[in-house]
There are 2 protein chains.
Amino acid sequence: MIYAKDNLDFKARRLRAVKTDLNSGASVLARKALEDILDYTDCCDVPNTPELLEELTDLVNLLGNARPSRVAVANLLQRFLQTLPELPDDLRRARGRAAVHAEELIETARRAQMDAVRHCMAELSDGMTIMTHSVSSAVMALLTACQQAGKKIQVIVTESRPGMEGRNLARYLNRQGIETQFITEAQMAHFVVQADKVIVGADSLLRDGSLVSKAGSRLLALAARDAGIPFWVLAESFKHSLILPEDVVLEEMPEEELQLESMSRVQVRNVYFDLVPARLITAWADEEGVRVVFRSLAECLPAPVG
Amino acid sequence: MIYAKDNLDFKARRLRAVKTDLNSGASVLARKALEDILDYTDCCDVPNTPELLEELTDLVNLLGNARPSRVAVANLLQRFLQTLPELPDDLRRARGRAAVHAEELIETARRAQMDAVRHCMAELSDGMTIMTHSVSSAVMALLTACQQAGKKIQVIVTESRPGMEGRNLARYLNRQGIETQFITEAQMAHFVVQADKVIVGADSLLRDGSLVSKAGSRLLALAARDAGIPFWVLAESFKHSLILPEDVVLEEMPEEELQLESMSRVQVRNVYFDLVPARLITAWADEEGVRVVFRSLAECLPAPVG
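Here's what I pulled together on the structure shown here. (Residues numbered from 1 in each chain as written. Chains lettered and ligands numbered in written order. Predicted model: local features only at pLDDT ≥ 70, side-chain atom pairs only at ≥ 80, totals over all residues. Heavy atoms only, no water.)

## A look at the side chain of T41 of chain A
All names here are of chain A. Looking at where T41 falls in the secondary structure, it is placed in helix 2 (residues 26-43). At a separation of 2.5 Å, a polar atom in the side chain of T41 contacts the main-chain carbonyl oxygen of L38. Residues in contact with T41, not counting those within four places in the same chain, are L52, L56, R95, A98 and A99. (Helix = DSSP H or I, 4+ residues; strand = E, 2+ residues; numbered from the N terminus. Polar contact = N/O pair within 3.5 Å; in protein donor to acceptor, adjacent residues only side chain to side chain. Contact = heavy atoms within 4.5 Å.)

See below:
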């Protein structure tokens, strides 16, 4: 079929928004993508239900493939399609049914995050210092919930070059009245010893238990391991993926972000994500609870030095 | 005695220059401080030789204490005093004698770096990829020497927030025609696996074999260890110190450098230096040669996770 111009415009616009959104965490990005689907159930220009389904499937695939490191987006969108009830022939009713389904899934995702936060909070004590890296909506919700529950936590946050999303996190924590230390990534090993726990969000969790998260996460996990500080991941289960580490795509963003002039011999690299091996992760918190992972010493060992 | 105003002005100016010089490596800073001493032998306003000696001693102490993480400065300046021959009574001749001594020490320091570079280069093979962090004049000299000797090395450099001295290093390597990748600190663990060796300079080497170097060095050493990549330190022996790690001062610089607005709950931290424990260091290169350190597995183990 030839797609209506309005449909193409809508999809191009939403695709661009997902591709260029470098500041939202994976959960927020996944929910935003579902909201795009919700909008599209209403506004897409189609003559009948089969073509509505075709258009929704097309948008799901477009947005789901836009950010390969952020498996949560594709997962949640695919779940929308896979659990979509059979749509009625009547186009108006079909749009309504698809919209309700998208709304339910947005609500399910929101609840999953709240439950994961609740389980994680139950493990934190009054007066603890939590260190995090980059920004995760789940970690923000956790820190806010702790403060509201009267647990007097302190937080160490990184500025998170090049996106600098740590600045907004510091501003948010300041507004919440949470005592915060703000550092460069380079200082992570120096400051992790002050933390009782490191807690980060996830872009995706791979088949072997490793984590895809913002660049720098692996360094922080190594520093935490070396200092004997637990490294926790707070992430809803829809971030699970069947991908193996060797197949994961760590997205690289435009080199202009690093603000270095172009030079013939210098290649500016801007890989946005990091792979944290399972052996460096101490616990997982999701909507089912917190699972502390006990590992043998041998499992935690670094590779021999060549 | 009451110091002449010109003397006070000179010393205040040089002290400020040493304190605010955040871009020079420790070797360069130490040589610059000796050049200040050299200038002062000539220009300081004193009536006789004993007061010349007193003034030089005062400047040595001022500059030597200005940057506690950069032990090389104090070491080299103290060596100037300790090896200063007895000065003749004649003031003009005394100035000349002290100046020659300062010049000889500058030359000795320069030769020590050249010799360390030569020993280190002998261990590097054609086609190797070297990763470094921040800027060290010794590492720059090493990379240049490799290129001039026709060893086709590639280099991975970090931007080195907040001073961003990595940008100048990238520009320098580009001018030398050396293939370079330029990354943020956050990407160090992702890129270290491409390196054959990590080689960094030193601000000081402590009594127990640990290293004081630019913030982020410890993270890079951990990432190198985890990936099985050797972590080498290239540093002249005048950077050795008798200080123990627990007594070392890791200088903190103005928080304004991180460009975050002031907020009541947010403390901006800008610790410029890192302590890299001896167990993470694979080899030392100095003017005597390269010593590869063999460690038992137990020595390399991280602390148990609490």
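Moving on from the coordinates now.
## Overview of the interface of chain B and chain A
Between chain B and chain A, the residue contacts involve 60 residues of the former and 60 residues of the latter. Across the chain B/chain A interface, buried area totals approximately 5,200 Å², and carbon plus sulfur atoms make up 58% of it. Our count for the chain B to chain A interface comes out at 10 salt bridges. We note a salt bridge from R171 of chain A to E261 of chain B, for which the minimum N-O separation is 2.5 Å. Where chain B meets chain A, there are 28 residue pairs in polar contact (both at pLDDT 80 or more). For the side of chain B that touches chain A, the elements supplying multiple residues, two or more each, are helix 7 (165-176), strand 3 (179-183), helix 8 (188-192), helix 9 (217-227) and strand 8 (266-268) of chain B. Tallying contributions element by element places helix 9 of chain B first for the side of chain B that touches chain A, with 7 residues. Partitioning the side of chain B that touches chain A into residue classes produces 30 nonpolar, 16 polar and 14 charged. As paired elements, strand 3 (residues 179-183) of chain A and strand 8 of chain B share 3 bridges and run parallel to each other. Directly across from T180 of chain A, in strand 8 of chain B, lies its bridge partner V266 of chain B. (Buried area = accessible area lost by both parts, 1.4 Å probe. Salt bridge = Lys/Arg side-chain N within 4 Å of Asp/Glu carboxyl O. Nonpolar A, V, L, I, M, F, W, Y, C, P; charged D, E, K, R; others polar. Pairing = 2+ DSSP bridges.)

## Considering the environment of R92 of chain B
Residues and elements named next belong to chain B. Relative to the helices and strands, R92 resides in helix 5 (residues 91-122). Residue class for R92 comes out exposed when judged on its relative accessible area of 74%. R92 sits 155 residues away from D247 along the chain, and the two C-alpha atoms are 42 Å apart. (Buried < 20%, exposed > 50% of the residue type's maximum accessible area, 1.4 Å probe, protein only.)

## Regarding empty space enclosed by the protein
Applying the stated rule across the entire model yields 5 cavities of 30 Å³ or more. Considering only enclosed or pocket space, the largest cavity measures out at about 200 Å³ in volume. Looking at the largest cavity, it is lined by 25 residues, and the ones nearest its centre are G25, R70, S134, V135 and D203 of chain B. Contributions of two or more residues to the lining of the largest cavity are made by helix 2 (26-43), helix 6 (137-148) and strand 6 (211-214) of chain B. Looking at the lining of the largest cavity, its residues break down into 8 nonpolar, 11 polar and 6 charged. Computed from the structure, the second largest cavity encloses a volume of approximately 140 Å³. If you go around the second largest cavity, you meet 19 residues; those closest to its centre are V135, S136, G201, A202 and D203 of chain A. (1 Å grid on protein atoms, 1.4 Å probe; cavity = no way out; pocket = protein on both sides within 12 Å on 5 of 7 lines; lining within 4 Å. Points joined across faces, edges and corners; volume = space filled by probe spheres on them.)

## Observations concerning the relation of the copies chain B and chain A
Taken together, a rotation about one axis and a shift along it account for how the two chain copies relate. Each copy of the sequence occupies a distinct position, and chain B is placed on chain A by a rotation of 180° and an axial shift of 0.0 Å, giving an RMSD of 0.1 Å. These values place the two chain copies in the arrangement generated by a two-fold rotation axis. Taken together, the interface assignments show that 100% of the residues at the interface of chain B recur at the interface of chain A, consistent with an identical surface on both copies. (Least-squares fit on C-alpha atoms with pLDDT ≥ 70 in both.)

## So, helix 4 (residues 71-82) of chain B
Residue and element names in this part refer to chain B. With 12 residues, helix 4 extends 16 Å between its outermost C-alpha atoms, agreeing within 8% with the 16 Å of an ideal straight helix rising 1.5 Å per residue. Taken as a whole, helix 4 has its buried residues at V71, A72, V73, L76, L77, F80 and L81. Looking at the buried positions of helix 4, the neighbouring elements they touch are helix 2, helix 3 (49-66), helix 5 and strand 5 (204-205). (Expected span 1.5 Å × (residues − 1).)

## Section: the nonpolar core
Counting 74 residues, the largest nonpolar core has L211, F231 and V233 of chain A together with L211, F231 and V233 of chain B as its most contacted members. Not counting the four nearest positions on each side in its chain, V233 of chain B is found in contact with V200, G201, A202, L205, L211, I281, A283, W284 and A285 of chain B. (Core = buried A, V, L, I, M, F, W, Y, C linked by side-chain atoms within 4.5 Å.)

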